[in-house]
Amino acid sequence: MKKIISNISGKSPGKRLSRLNSSRGPSHFPELSHGFISGIGYAARRTVLICRRKYVAATFIVMLLYSLIPIEIHPQTEYAGTYSPDSCTSRPVTGSYSMTIGSKSLLATYLSPLTYRGTSFGLLGTWSKALPFNPRHMIMHFEGSAAFDNLWNPARTAKIMGLNAGFKWGMSWRTTLPQKIQLTAGGCIDLDGGAYYLLRNGNNPVQAMASASVDARASLSRPFRIGTFNFLISDVVNIPSLGLFFSPEYGETYYEIYLGNRSGLVHTGWWGNNFRIDNLLSVTIDFGKTAAILGYRLKADTQWANSLNTKILTHSFVIGIVPGGIGLKKRTVKLPSETIYSLY
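Residue indices follow the written sequence of each chain, beginning from 1 at its first position. Totals for whole chains, interfaces and linings use every residue, but because this is a predicted model, local features are given only for residues with pLDDT of at least 70 and side-chain atom pairs only at 80 or more, for both listing and counting. Note: side-chain values were computed over all heavy atoms of the structure, leaving out hydrogens and water.

> Any chance you could explain the environment of Leu220 here in plain terms?
What counts as a helix is a DSSP run of H or I of at least four residues, what counts as a strand is a run of E of at least two, and both are numbered from the N terminus. Looking at where Leu220 falls in the secondary structure, it is placed in strand E8 (residues 206-226). Separated by 43 residues in sequence, Leu220 and Leu177 place their C-alpha atoms 9.9 Å apart. Excluding anything up to four places from it in sequence, Leu220 contacts Ile181, Gln182, Leu183, Ile233, Ser234 and Asp235. Throughout, a residue-residue contact means that at least one pair of heavy atoms, one from each residue, lies within 4.5 Å.

As structure tokens, then:
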């Protein structure tokens, strides 16, 4: 007890006890009151300091977590003009994911003078969105595809395996014609590459394919309704118009290219020596929260350079889905807003 009183007042225990025995009220203990108040002040300052340190540490942890966790608030919503609940405009990304299967024919005189025919399997993904500066008339679109081919010669004694991938990105302008027909016209950057491997002994068992071009793109689409189902029929055409493509010399091996013989490998492509077309005719059934795609895809690639002739023709059946639907089936919204879809 003496030690506690001594620590509070800063005086010796004897003097403190004498003062306690000779006084009666708390008003007669000036030293004790001053020491007690000083102790309370010191404890309060320590508490505030500890709370500040904990607050700073907690703030730092929250900021660190906020910077590490990817947080998005309404990623597909743009507000036109001054913000108000009545001017909310949404531009969702419409993505479709499809599988393709069909027949393919290949004439590649670099590998063989014979035409090989077989089956082609592929994956196709498309993404599109209305642009913010003119959402009713301008759209952006991206496409990625990959295909695997299994081809045979007419006697089925030799086999060619192929693997190809392509990417397209571009923008288009759209408008609505009479009878609810939508027309789009624009262009895109087209990158395409792959290889065909002839499974037999030879000096040139592989033909590489590579091209980069600017495509002309156009489409027509029209919605219609049968019973309670909403449909959208559309036809999308891509035609590479100007670009570059790779082609070795006649009989030139890739080992010679590796040794340094690289002249005449890159050629300027146009409709005369590198005509290509990619046409997708499809019907989309909109169920509201999702949609289904059924279609037919025609893809033709022709190439003529260095006395080498290449002709590739693919007919494919397309089946796919569109998560989120395409906007033909009307839904009840909780807030006054407008949703602008990119397909129609």
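> Please clarify how a nonpolar patch on the surface should be interpreted in this entry.
Patch definition: residues above 30% relative accessible area lacking any salt bridge, with like charges linked at up to 9 Å and the nonpolar side chains Val, Leu, Ile, Met, Phe, Trp and Tyr linked at up to 5 Å. Here, Shrake-Rupley sampling with a 1.4 Å probe gives the accessible areas, and only protein chains in the shown set may cover a residue. Every case where a carboxyl oxygen of Asp or Glu lies within 4 Å of a side-chain nitrogen of Lys or Arg is listed as a salt bridge. There is a patch of nonpolar side chains on the surface, built from Met99, Ile101, Phe121, Leu123, Phe148, Leu163, Leu294, Phe317 and Ile319 and spanning about 870 Å² of accessible area. Of all elements in the fold, only strand E3 (94-108), strand E4 (115-130) and strand E13 (308-323) reach the threshold of two or more residues within the nonpolar patch. Of note, Met99 is situated in strand E3.

> When you look at the environment of Ser103 in this model, what are you seeing that I'm missing?
Take Ser103: it is sitting in strand E3. Sequence-wise, Ser103 and His315 are 212 residues apart; in three dimensions their C-alpha atoms are separated by 5.4 Å. Residues in contact with Ser103, not counting those within four places in the same chain, are Gly118, Leu313, Thr314 and His315.

> Would you mind showing me how to read unusual backbone geometry here?
Most peptide bonds adopt trans geometry, and most residues besides glycine take a negative phi value. Positive phi, normally seen in glycine, also occurs at Lys180, with a value near 60 degrees. Position of Lys180 among the secondary structure elements: in the loop between strand E6 (159-177) and strand E7 (181-198). Since its relative accessible area comes to 55%, Lys180 is described here as exposed. The phi dihedral of Asn306 falls on the positive side, at around 55 degrees, and the residue is not glycine. In this fold, Asn306 is placed in the loop between strand E12 (290-305) and E13. Only protein chains enter the accessibility calculation, which uses a 1.4 Å probe; a residue is then buried when its area is under 20% of its type maximum, exposed when over 50%, and partly exposed in between.

> What should I look at first to understand the packing of aromatic side chains in this one?
Two descriptors summarise a pair of aromatic rings, namely the distance from one centre to the other and the angle between the planes of the rings. Between rings of Phe, Tyr and Trp, where Trp is taken as its six-membered ring, a pair exists when centres lie within 6.5 Å; planes separated by under 30 degrees are stacked, by over 60 edge-to-face, and by other angles tilted. The full count for this structure, using the stated rule, is six aromatic pairs. Ring plane angle 75 degrees and centroid distance 6.0 Å describe the contact between Tyr110 and Tyr254, whose orientation is recorded as edge-to-face. Here Tyr110, found in the loop between E3 and E4, pairs with Tyr254, found in helix H4 (residues 254-259); they are 144 residues apart in sequence, far enough to count as distant. Each member of the aromatic cluster is reached from another via a ring pair, and the members are Tyr97, Trp127 and Phe142.

> It is not clear to me how the nonpolar core should be interpreted in this structure. Could you clarify?
Where a protein is soluble and globular, its nonpolar side chains tend to be buried together. Among the nonpolar cores identified, the biggest contains 13 residues, and Leu106, Leu111, Tyr116, Ile160 and Tyr196 are the most heavily contacted of them. Throughout, nonpolar core names a set of buried Ala, Val, Leu, Ile, Met, Phe, Trp, Tyr and Cys residues whose side chains join them through atoms within 4.5 Å. Leu232, Ile293, Ile326 and Leu328 belong to the second-largest nonpolar core, a separate cluster that totals six residues.

> When you look at the confidence of the model for the protein in this model, what are you seeing that I'm missing?
Considering every residue of the protein, the mean pLDDT works out to 79; 69% of them sit at 70 or more. pLDDT measures how confident the predictor is about each residue, on a scale from 0 to 100. With pLDDT under 50 throughout, residues 1-37 is counted as low confidence; its partners more than four residues away or in other chains account for 23 contacts. This stretch, residues 62-87, has a pLDDT under 50; its non-local contacts, to residues over four places away or in other chains, come to 20 contacts.

> Would you explain the pairing of E6 in this entry?
One face of the sheet, then the other: side chains in a regular strand alternate in exactly this way. When DSSP finds two or more bridges between two strands, those strands count as paired. One ladder, built from 15 bridges, connects strand E5 (residues 138-152) with E6; its direction is antiparallel. Pairing of Gly144 across the sheet is with Phe167, part of E6. Here E6 pairs with E7 via 18 bridges, running antiparallel. Looking across to E7, one finds that Thr175 is bridged to Leu183. Counting the residues that bridge the hairpin from E6 to E7 gives three residues, and of these Gln179 lies at a positive phi of roughly 65 degrees.

> Any chance you could explain the pairing of E4 here in plain terms?
Bridge count for E3 against E4 is 14 bridges, and the pairing is antiparallel. Bridge pairing links Thr94 to Ser128 in E4. The antiparallel hairpin formed by E3 and E4 contains six residues in its connecting segment. Direction of pairing for E4 relative to E5: antiparallel, over a ladder of 14 bridges. Note on E5: the bridge partner recorded for Leu124 is Ser145.

> Help me understand the side chain of Ser282 in this model?
Examined against the element boundaries, Ser282 turns out to sit in strand E11 (residues 276-286). Assessed through its relative accessible area of 8%, Ser282 is described here as buried. Contact partners of Ser282, with chain neighbours within four places excluded, come to Leu232, Ile233, Ser234, Ile293, Leu294 and Gly295.

> What is the right way to look at the environment of Thr157 in this model?
Relative to the elements of secondary structure, Thr157 occurs in the loop between E5 and E6. For Thr157, a relative accessible area of 65% corresponds to the exposed category.

> What should I look at first to understand the pattern of salt bridges in this one?
One pass over the structure, following the stated rule, counts eight salt bridges. Taking the shortest distance from any N to any O, the salt bridge between Lys299 and Asp192 comes out at 4.0 Å. Within this pair, whereas Lys299 is found in strand E12, its partner Asp192 is found in strand E7, the two being separated by 107 residues in sequence. Residue classification places Lys299 among the partly exposed positions, given a relative accessible area of 21%. Note that Asp301 and Arg276 form a salt bridge whose closest N and O atoms lie 3.6 Å from each other. Of this pair, Asp301 sits in strand E12 while Arg276 sits in strand E11, placing them 25 residues apart in sequence. Accessibility assignment for this pair places Asp301 and Arg276 in one class, buried. Residues participating in the shared-partner salt-bridge network are Glu143, Lys168, Asp278 and Arg297.

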